[in-house]
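# Summary of structural features
Below are the chains, spelled out letter by letter.
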Amino acid sequence: EDGVPSESTFSRAFTTSAESKVLDRVHEIAVQTHYSDVVVQHVSRDSSAIKVREEPASKPKKEPKEKQKRGRKKKGEAREPTRQETQCEQSWPESLAELPTECTFGVKKNSKGKQEFWIGYKAHADVGDGGVPLSFCTTSASLHDSQAAIPLMKMTRSRVGTVFYQLMDKAYYAELIFKTAEALGQVAIIPAKNYATKPAVPLDPAQKKRYENRTAVERFFSDLKENHGGNNIRVRGWAKVHAHLMFGVLSIFVLAQLRI
C-alpha cells in the first residue's frame, strides 16, 4: 500500500527467501510441471565462475598425516571411498548437502584455453534443448566441475521424463560419470583427455554432431551473467548469492517457456 518497500524491508524479505530455499523449490516444481512427461534429447552440463565482493574463507590447518607404508595395501585393508563413489550410492539431495559452499579462490580455463582466477563461488547447471535450465546449484569456487556432475544428473532425472544424451566437456571425463549415465539409461558424450602415454580417442562423427548442442549451456551462462544479474552480485554469503542467481535462473526458465 505504501509503494516501493524500504531497503531494510527488501533486505529482510530477500534474506527470508535465501534461507528458506523457496526459489529452489519453485524451480523444481516448475521443471516437473512442464517436463515430467517430456523427452529431452540433450542435457548440456557446465560450470561458470561467480565473482563476489567478500573475503575468501581461510583454509583449515591440515592435521599431520601418519606416514603410510609404501607399496600395495594388505588384503582386506579398508580404503576411504572417493566423493564420486559415495555420490553413486547417495540421493542427489544428500550429495548436494555435502558439497562445499564457502567463498574460496577458484581457477578455471576459459573459452580461450587460458586460466582464469577469481574469488567467490561456482555455478553448475544442466540445460536442456532450447536453453531451458533444468537443474542448478552453487558451490565453492575451488570445487572441481566433475564433483557436481553426478548429483546434477540425478536431480535432472528426477524432474524430467526422459533424457537421451548428457553432453559435458573434458573436465567431466571420469569412469563413474559414464557409469552413472548408463545406470540412468542415458549416454554420456565427453571428449577424452589427451595424455602423453595414451592419446585421446576422438568422438565419432555422430557424437561430434550431437556434441555441438553443448553450446546451449554456454549461452545460458552468458545470458545469466549479462542479462539476469550474474555479473552484478552485491550480497555476501552462499545462501544470498545462490538466491540472487536463482532469481535469474527462474527468469530464464519462464522466458524459455514463452519462446516455446
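For the structure given in this document, a descriptive report is provided here. (Residues numbered from 1 in each chain as written. Predicted model: local features only at pLDDT ≥ 70, side-chain atom pairs only at ≥ 80, totals over all residues. Heavy atoms only, no water.)

### Observations regarding the overall build of the protein
Within the protein one finds nine helices and six strands. Relative to the globule expectation of 18 Å for 260 residues, the C-alpha radius of gyration of the protein, 20 Å, shows essentially globular dimensions. Across its three principal directions, the C-alpha atoms of the protein cover 75 × 50 × 35 Å. Within the span of the protein, comprising 260 residues, buried residues form 42% of the whole. Excluding contacts between residues fewer than 6 apart, the proportion of contacts in the protein whose partners are at least 24 apart in sequence is 69%. (Helix = DSSP H or I, 4+ residues; strand = E, 2+ residues; numbered from the N terminus. Rg over C-alpha atoms; globule rule 2.2 N^0.38 Å. Buried < 20%, exposed > 50% of the residue type's maximum accessible area, 1.4 Å probe, protein only. Contact = heavy atoms within 4.5 Å.)

### Concerning the environment of threonine 162
Structurally, threonine 162 can be placed in strand S5 (residues 162-167). As a C-alpha pair, threonine 162 and valine 40 span 122 residues in sequence and 6.0 Å in three-dimensional space. Residues in contact with threonine 162, not counting those within four places in the same chain, are Val38, Val39 and Val40.

### Some thoughts on the pattern of salt bridges
Evaluation of the coordinates by the stated rule reveals 10 salt bridges. Residue arginine 214 pairs with aspartate 46 through a salt bridge whose shortest N-O separation is 3.3 Å. Of this pair, arginine 214 sits in the loop between helix H7 (205-211) and helix H8 (215-227) while aspartate 46 is found in strand S1 (residues 39-51), placing the two residues 168 residues apart along the sequence. On the accessibility criterion, arginine 214 (8% relative accessible area) is buried. For aspartate 46, a relative accessible area of 8% gives the class buried. With a closest N to O distance of 3.0 Å, glutamate 175 and lysine 179 form a salt bridge. Within this pair, glutamate 175 and its partner lysine 179 are both found in helix H6 (residues 175-183), separated by four residues, close to a single helical turn. Looking at glutamate 175, the relative accessible area reads 56%, which means it is exposed. (Salt bridge = Lys/Arg side-chain N within 4 Å of Asp/Glu carboxyl O.)

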